[in-house]
Protein chains: 2
Amino acid sequence: MTGTRPEFFDENSEPISARIAMGLHKIGLAMKQQAWQQANEAGLSATQGQILAALVANGPLSGKELSERLGVTLPTISDSVRVLVEKALVTRSADPRHPRASLLAPTPKGASLGARARSWPEFMADAVADLAPDEQRAFFAGIVKMIRMLQEQGLIPINGMCVTCKHFRPRVRPGPSPHHCAFVDAPLSSDQLRLDCPEHELAAETARRELWEQFMRRG
Amino acid sequence: MTGTRPEFFDENSEPISARIAMGLHKIGLAMKQQAWQQANEAGLSATQGQILAALVANGPLSGKELSERLGVTLPTISDSVRVLVEKALVTRSADPRHPRASLLAPTPKGASLGARARSWPEFMADAVADLAPDEQRAFFAGIVKMIRMLQEQGLIPINGMCVTCKHFRPRVRPGPSPHHCAFVDAPLSSDQLRLDCPEHELAAETARRELWEQFMRRG
DNA sequence: TTGACAACTTAGGACTCCTAACTTAGATCA
DNA sequence: TGATCTAAGTTAGGAGTCCTAAGTTGTCAA
């Protein structure tokens, strides 16, 4: 079984894109387990934690909005919200926008748990900390592009990414901060692109594609 | 709410490592949903698919080994395996290594499903395909390093990574393929590093750290 | 031969997630 | 003024995921 086989790796290894996919799969595994464990330690289920985190990050939301953001169906949300209300971590109030909808907001206790839940993925940040700054930037750039592709394919539900937002103006000036956010009227660099801006407003389909192409244009 | 606020992004954005974590979180979400959906289409559960994929990729395994590889407890595996045996996708046979253990091997039908299950994460590969080759390499390098860190922290169960394998010889020569695999006696480049080599044998703790430091050494 | 060990298996419970079938407040329109 | 439509939730039911705790059972060591 052993011997000089320089062709071994080319024959047996998959293309780098498949290797990336596998790596992300493994990272996803760690993420799932951590979320589960950290939720349990906080006396919540994973979904309950995610709901609280979303409410803290984005302000009051309806059940429908939550289901879109978390990528699960309404009944699943409905179930978890019932428990959160029973635990006095969330309150309901009427939503002026829709007749049957109710706006969900965290109570003070819920908000504090939600804030903690938001930091659950940060154990990842520790694992990233050892990368050199330029490696981190390259890594982040890859992630932004991947997420955009996944969203294009309809595999990621909602995302508050700058590159799909109607307020985003890519490459409007030279220098290190070429982009601009029209909402806050501020320049921003590629490093500063947000993935979950609460002010995100989805641009129309054609405008979105346009934004993306401008953003990707090199030079 | 609108106005010239150049400080907006620095004030409201998190550090890049946290942004990376959030991005990976979103990607993980897509991964979970895809796995679920693709498993359903194949008439399997997600876990069953992963078990079949592992058996195809690594050859016959015991329940214990499966539970380590998939990062779930033995009862969970036991449950899924029972269903797979009922479906005639997996067979048991005695394991010569352990008295009470049984080796699980896929039937032909199970093997074909397992081969398909192995390609489930590949939808990610499509999303990566738009990245330039150098971006892909940088991305992959980041992933390898992250996985290594996560494993260091005990957050990823088993991994057949070259950088933790006793057969791995990092940086033994100059040029584009500086590393060497002593098992197949072949040079390999950083791009060719494997994440799930079936021949992986875990090096002892101290040796592992040594390997890693050699691998990380720049220049 | 008695006990420890290791690898399961069983039992039981909480949570996730889905589809399908209601329920209901308001809007639309005849 | 109703009849119908729409959209947001809720309820019911079922498969699957996970866990902990408590057996089972071959083998090996004392």
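Each value, and the rule that gives it
- Residues numbered from 1 in each chain as written.
- Chains lettered and ligands numbered in written order.
- Predicted model: local features only at pLDDT ≥ 70, side-chain atom pairs only at ≥ 80, totals over all residues.
- Heavy atoms only, no water.
- Least-squares fit on C-alpha atoms with pLDDT ≥ 70 in both.
- Contact = heavy atoms within 4.5 Å.
- Pairing = 2+ DSSP bridges.
- Helix = DSSP H or I, 4+ residues; strand = E, 2+ residues; numbered from the N terminus.
- Buried area = accessible area lost by both parts, 1.4 Å probe.
- Salt bridge = Lys/Arg side-chain N within 4 Å of Asp/Glu carboxyl O.
- Near = heavy atom within 4 Å.
- Polar contact = N/O pair within 3.5 Å; in protein donor to acceptor, adjacent residues only side chain to side chain.
- Nonpolar A, V, L, I, M, F, W, Y, C, P; charged D, E, K, R; others polar.
- Axes fitted to C-alpha atoms, helices over the stretch in contact; angles between N-to-C directions.
- Buried < 20%, exposed > 50% of the residue type's maximum accessible area, 1.4 Å probe, protein only.
- Parallel < 35°, antiparallel > 145°, perpendicular 65-115°, else oblique.
- Phe/Tyr/Trp six-rings, centres within 6.5 Å; stacked < 30°, edge-to-face > 60°.

By the naming in an unreviewed UniProt entry, chain A is MarR family transcriptional regulator, taken from Corallococcus terminator.

Overlaying chain B with chain A gives an RMSD of 0.1 Å, the required rotation being 180° about an axis along which the chain moves by 0.0 Å. Within this description, the copies of the chain are treated as partners about a two-fold rotation axis. Most of the interface of chain B is mirrored in chain A, where 100% of its interface residues again form contacts.

With that settled, consider the sheet that holds strand β5 (residues 179-181) of chain B. All names here are of chain B. With respect to topology, 3 strands assemble into an open sheet ordered β4-β5-β6, the strand pairing being antiparallel. Both edges of this open sheet fall to β4 (168-169) and β6 (186-188), since each of them pairs with a single strand only. Looking at chain direction, β4 and β5 are connected through 2 bridges and run antiparallel. Counted as the bridge partner of F168 is C181 from β5.

Next up on the list: the interface of chain B and chain A. Each partner contributes residues to the interface: chain B has 80 residues there, and chain A has 81 residues. Here chain B meets chain A over a buried area of about 7400 Å², counting both sides, of which 68% is carbon and sulfur. At the junction of chain B with chain A, the criterion picks out 2 salt bridges. Between B:K145 and A:E135 there is a salt bridge, with the nearest N and O atoms lying 2.6 Å from each other.

Taken together, 22 residues are adjacent to DNA strand C, and A:S45, A:T47, A:T73, B:S78 and B:R92 come closest. For DNA strand C, the backbone portion of the atoms within 4 Å of the protein, that is sugar and phosphate, comes to 73%. Within the side chain of A:S45, a nitrogen or oxygen atom sits 2.8 Å from a phosphate oxygen of DNA strand C. Within the backbone of B:S102, one N or O atom sits 3.0 Å away from a phosphate oxygen of DNA strand C. Secondary-structure elements contributing two or more residues to the surface near DNA strand C are α3 (46-58) and α5 (74-86) of chain A together with α2 (16-41), α4 (63-70) and α5 (74-86) of chain B.

With respect to spatial proximity, 23 residues lie near DNA strand D, and among them A:K64, A:S78, B:S45, B:T47 and B:T73 are the closest. What you see for DNA strand D is that sugar and phosphate hold 71% of its atoms within 4 Å of the protein. The separation between a phosphate oxygen of DNA strand D and a polar main-chain atom of A:S102 is 3.0 Å. For DNA strand D, a phosphate oxygen lies 3.2 Å from a polar atom in the backbone of B:A46. For the surface near DNA strand D, the secondary-structure elements that each account for two or more residues are α2 (16-41), α4 (63-70) and α5 of chain A together with α3 (46-58) and α5 of chain B. Class assignment for the residues of the surface near DNA strand D results in 8 nonpolar, 10 polar and 5 charged.

All names here are of chain B. On the basis of which strands lie adjacent, the open sheet formed by 3 strands has the order β1-β3-β2 and antiparallel pairing. Sheet topology places β1 (61-62) and β2 (90-94) at the edges, where each strand pairs with a single neighbour. With 2 bridges connecting them, β1 and strand β3 (residues 102-106) associate as antiparallel partners. Within the sheet, the bridge partner assigned to L61 lies in β3 and is L104. Those strands touched by α5 are β2 and β3, and its axis lies near 110° from that of β2.

What follows is about unusual backbone geometry. Residue and element names in this part refer to chain A. Not every positive phi belongs to a glycine, and A88 is a case in point at roughly 60°. Positionally, A88 belongs in the loop between α5 and β2 (90-94). Residue classification places A88 among the partly exposed residues on the basis of a relative accessible area of 44%. Positive phi outside glycine occurs at D185, with the angle close to 55°. Mapped onto the fold, D185 is located in the loop between β5 (179-181) and β6 (186-188).

Attention now moves to the packing of α3(A) against helix α6 (residues 108-118) of chain A. Residue and element names in this part refer to chain A. One way to put it is that α3 packs onto α6 with a least axis distance of 7 Å and a crossing angle of 100°. When the axes of α3 and α6 are compared, the pair comes out roughly perpendicular. Of the residues in α6, those touching α3 at G49, L52, A53, V56 and A57 are G110, A111, L113, G114, A115, A117 and R118.

To continue, consider the environment of B:A111. Residues and elements named next belong to chain B. Mapped onto the fold, A111 is located in helix α6 (residues 108-118). In this structure A111 comes out as partly exposed when scored by relative accessible area, which is 28%. For the pair A111 and L70, spaced 41 residues apart in sequence, the C-alpha to C-alpha distance is 18 Å. With residues up to four places along the chain from it excluded, the contact list for A111 reads V56 and P106.

In this section: the packing of aromatic side chains. Residues and elements named next belong to chain A. Scanning the model with the defined rule gives 5 aromatic pairs over all chains in all. Ring centres 5.7 Å apart and planes at 40° place the aromatic pair W212 and F215 in the tilted group. With a gap of 3 residues between them, W212 and F215 both fall in helix α9 (residues 205-216), about one helical turn apart. In this structure W212 comes out as buried when scored by relative accessible area, which is 8%.

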